[in-house]
Amino acid sequence: MATAESTETAGPADTADTGSDQDYFEEFPVSARLVRLNFLVAFVALGIGGLFGMLQALHRTDTLRILSSPDYYTLLTGHGVLLALVFTTFFIAGLFTWGVSDSLGRELPGDWISWSWWTMMTVGTVMATVAILGGLIDQIPMQADVLFTFYVPLKAHPVFYVGVVLLLVGSWVAGFDWFRTFWAWRKDNRGERIPLRTFMVLITMLMWYLSTMGVAVEVLIFVLPWSLGIFEQIDPLLTRSLFWFFGHPVVYFWLMPAYLVWYTILPKLSGGRLFSDGLARIVFVLFLLLSTPVGFHHQYIDPGIAEGFKFVAMTNTMFLLLPSFLTAFTVVASMEHGARQRGGSGYLSWLRSLPWDRPAFTACALAGLLFAAGGFSGMVNAGMNLNYVVHNTLWVPGHFHLTVGTAAALTFMGISYWLLPQLTGKKLRGRALAIIQPYLWFLGMTVLSNAMHRGGLMGLPRRTAEPEWNLVEGDFASGVGALSEVQLQIAVGGVLLFTGVVLFLLVMLLTWTGRQAPSIGVDRTIPPALSGPENSPRILDNYRLWFGIAVVLVVIAYGIPLGDMVADGLLNPGSPPISP
Ligand code: HEM
Ligand SMILES: [Cu+2]
């Protein structure tokens, strides 16, 4: 291994084993198998969830109504759970397994623990999905029409909650798998800086451990026993607050893996090198510190939480823009460096020198572009006063289809074009489809999301099956003409996006079922950053310190309000259950 020497020289690579001419799947057969299994579940979830998305878009705009309206909520639950929770978590688990093993130059242990987390997550996913599909299929004696936020007093069959818990616990064990791989590496590499990709994985998982405490307590102590009938009443405010304790940081659990790709692979795909390794580490530490103490910004409308705490959450949220701005700067600077290496010049004309015909590059670059737009609508959501205008309208799905639905999802799809050959030893097939696919997603999402934002401003509610909203004039609609145009765009956007999902899955299927090639023609080395870790303070790698500070910030933000809710809940046990 070349790391020991290369750390002393300028700009070590983020890869322990830069010299290897083996493909990833040959060097790390166990990890590659784990990654493939995780991607498999992720892709199946993407296919089903994407189909549901299109059906929703067509139903709620009165374009094509093949569902009954109650079924709409079953589909919407399936869409949210399969895409926002299942597709993301499995893809991230695969990506992180790849990132840790490749950057440390080390296999995951591959013992029963490594297989147990994938098994747990998969069993949990199947349980939750079956419970949800019970809403459509009469033969399944369950239902879980509770949407992916499972607010009480909406109540699902216990199988749904147990499934969610298994998915969660599996992800915790996965994190342990990455940590112990890192600890084993540490024993042989004392005093070295943590390779960047592994650093990003560890910090993301620390954030995940801290934030999932909220939803774990919510489900295990309150919602699951309540759905099992162990107690009758439940406190909506407390359980919602615990949900959002987790619900904001989960968006960083989706985004930080996309950032991992943008920081470590995108510069290379652009033909250059990462601008600054140290800046990337600072950004991840900031996310660990700031992601959790902001959850109340989803509850501006909720009574029972003092305005002051909401204000603190808003202030923290605005600070959270900082690491995203740092990312925009670093990533664009790295892309510009790449473009100039490829002969680009001028203030902006270097953009033309980027490899716009490489699907992995295009997907990441377009995902970043739409993410910027999502950041702006996110600032509107985050403002305590502006939030009242858009709360619970279609504006909100308009926003998060740009963030999780594109920044994360399109990056994940794009990087699969680059990763799958390395994981299987097979050449990418269907390249022509792969080249169009990111552009199609970009177009579909621009249309869908813009229309959702506009519809939201006109007062179109989210989570609403009935297209009759379309026809009501006056009260909440500024004009039927504009509204029906918005509805049409939602339908068109939905069809374009689902076509994008189909093209992506087709390329994956063609590639995966292809023949093993003697050479896949993908160079997997990741070049060193222009400014490497030797230029940044070592304290950045002290993840125990950052985790400690993050815990203190959470206690400050949540201690008093949660304590109040628990005390109040003991006096007023809360709401009886409602069945949708
Ligand atoms: C084929 C592509 C997609 C289409 C056509 C689509 C369409 C839609 C529509 C129309 C809604 C709003 C329904 C309503 O509020 O009544 C929705 C909600 C949602 N979508 Fe998508 N979407 C797509 C992809 C994605 C992706 C990739 C993600 C995340 C990774 C995602 C996550 C969500 C979530 C979390 C909701 C909210 C569910 C709820 O309110 O409970 N969608 N989608
Ligand atoms: Cu949030």
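Up top you'll find the structure we're talking about.
Given the structure is predicted, the values throughout are model-derived calculations rather than measurements.

Colleague: Could you give an account of the overall build of the protein, with specific residues and numbers?
Modeller: Helix and strand counts for the protein stand at 19 helices and zero strands. In terms of C-alpha radius of gyration, the protein reaches 23 Å, essentially the compact-globule figure of 25 Å for 580 residues. For the protein, the spread of C-alpha atoms along the three principal axes comes to 65 × 50 × 50 Å. Expressed as a percentage of its 580 residues, the buried residues of the protein come to 60%. For the protein, long-range pairs separated by at least 24 residues make up 83% of all intrachain contacts whose partners lie at least 6 apart in sequence. When the accessible surface of the protein is totalled, it reaches about 21,800 Å², and 68% of it is carbon and sulfur. Each charge class in the protein was averaged separately, 32 positive and 36 negative side chains, and the resulting centres sit 8 Å apart.

Colleague: Now, about the packing of aromatic side chains: what can you tell me, with residues and values included?
Modeller: Think of a pair of aromatic rings as described by two things: how far the centres are apart, and how the planes are tilted against each other in angle. If you walk through the whole model with that rule in mind, you get 37 aromatic pairs. Pairing Phe179 with Tyr543 gives two aromatic rings, centres 5.7 Å apart and planes at 65°, and the pair type is edge-to-face. Of this pair, Phe179 sits in helix α6 (residues 158-188) while Tyr543 sits in helix α19 (residues 543-571), and the two are 364 residues apart along the sequence. On the basis of relative accessible area, Phe179 is assigned to the buried category, the value being 6%. The interplanar angle of 90° and the centroid separation of 5.0 Å between the aromatic rings of Phe243 and Trp244 together place this pair among those described as edge-to-face.

Colleague: Tell me about the site of ligand 1, residues and numbers included.
Modeller: Close to ligand 1 lie 25 residues; Arg60, Tyr72, His79, His401 and Arg463 are nearest. One of the backbone nitrogen or oxygen atoms of Arg463 is found 2.6 Å away from an oxygen atom of ligand 1. Elements with a minimum of two residues in the shell around ligand 1: α3 (29-60), α4 (69-104), α16 (395-424) and α18 (480-512). The leading source of residues in the shell around ligand 1 is α3, at six residues. Of the residues assigned to the shell around ligand 1, the class counts are 14 nonpolar, eight polar and three charged.

Colleague: Tell me what's going on with the coordination of the iron atom of ligand 1, and back it up with residues and numbers.
Modeller: Note on the iron atom of ligand 1: its protein donors are His79 (NE2) and His401 (NE2). The metal-donor distances range over 2.0 Å. Geometry at the iron atom of ligand 1 is octahedral, judged from the six donor atoms that bind it and their angles of 87 to 180° at the metal. Of this pair, His79 sits in helix α4 while His401 sits in helix α16, and the two are 322 residues apart along the sequence.

Colleague: Help me get a handle on the coordination of the copper ion (ligand 2), residues and values and all.
Modeller: Looking at the copper ion (ligand 2), one finds its protein donor set to be His248 (ND1), His297 (NE2) and His298 (NE2), positioned 1.8 to 2.0 Å from the metal centre. Coordination of the copper ion (ligand 2) draws on donor residues from a single chain, spaced H-x48-H-H in sequence. With His248 in the loop between α8 (236-247) and α9 (249-264) and His298 in the loop between α11 (277-290) and α12 (307-319), the pair connects residues that are 50 residues apart, well separated along the chain. Classification of His248 as buried rests on a relative accessible area of 8%. Since its relative accessible area comes to 23%, His298 is described here as partly exposed.

What counts and how
Residues numbered from 1 in each chain as written. Chains lettered and ligands numbered in written order. Predicted model: local features only at pLDDT ≥ 70, side-chain atom pairs only at ≥ 80, totals over all residues. Heavy atoms only, no water. Helix = DSSP H or I, 4+ residues; strand = E, 2+ residues; numbered from the N terminus. Rg over C-alpha atoms; globule rule 2.2 N^0.38 Å. Buried < 20%, exposed > 50% of the residue type's maximum accessible area, 1.4 Å probe, protein only. Contact = heavy atoms within 4.5 Å. Areas by Shrake-Rupley, 256 points an atom, 1.4 Å probe, with all protein chains shown as cover. Lys, Arg positive; Asp, Glu negative; His and termini not counted. Charge placed at Lys NZ, Arg CZ, Asp CG, Glu CD. Phe/Tyr/Trp six-rings, centres within 6.5 Å; stacked < 30°, edge-to-face > 60°. Near = heavy atom within 4 Å. Polar contact = N/O pair within 3.5 Å; in protein donor to acceptor, adjacent residues only side chain to side chain. Nonpolar A, V, L, I, M, F, W, Y, C, P; charged D, E, K, R; others polar. Donors = N, O, S within 2.8 Å, 3.2 Å for Na, K, Ca; no water. Tetrahedral: all angles 85-135°; square planar, octahedral: opposite > 155°, others 65-115°.

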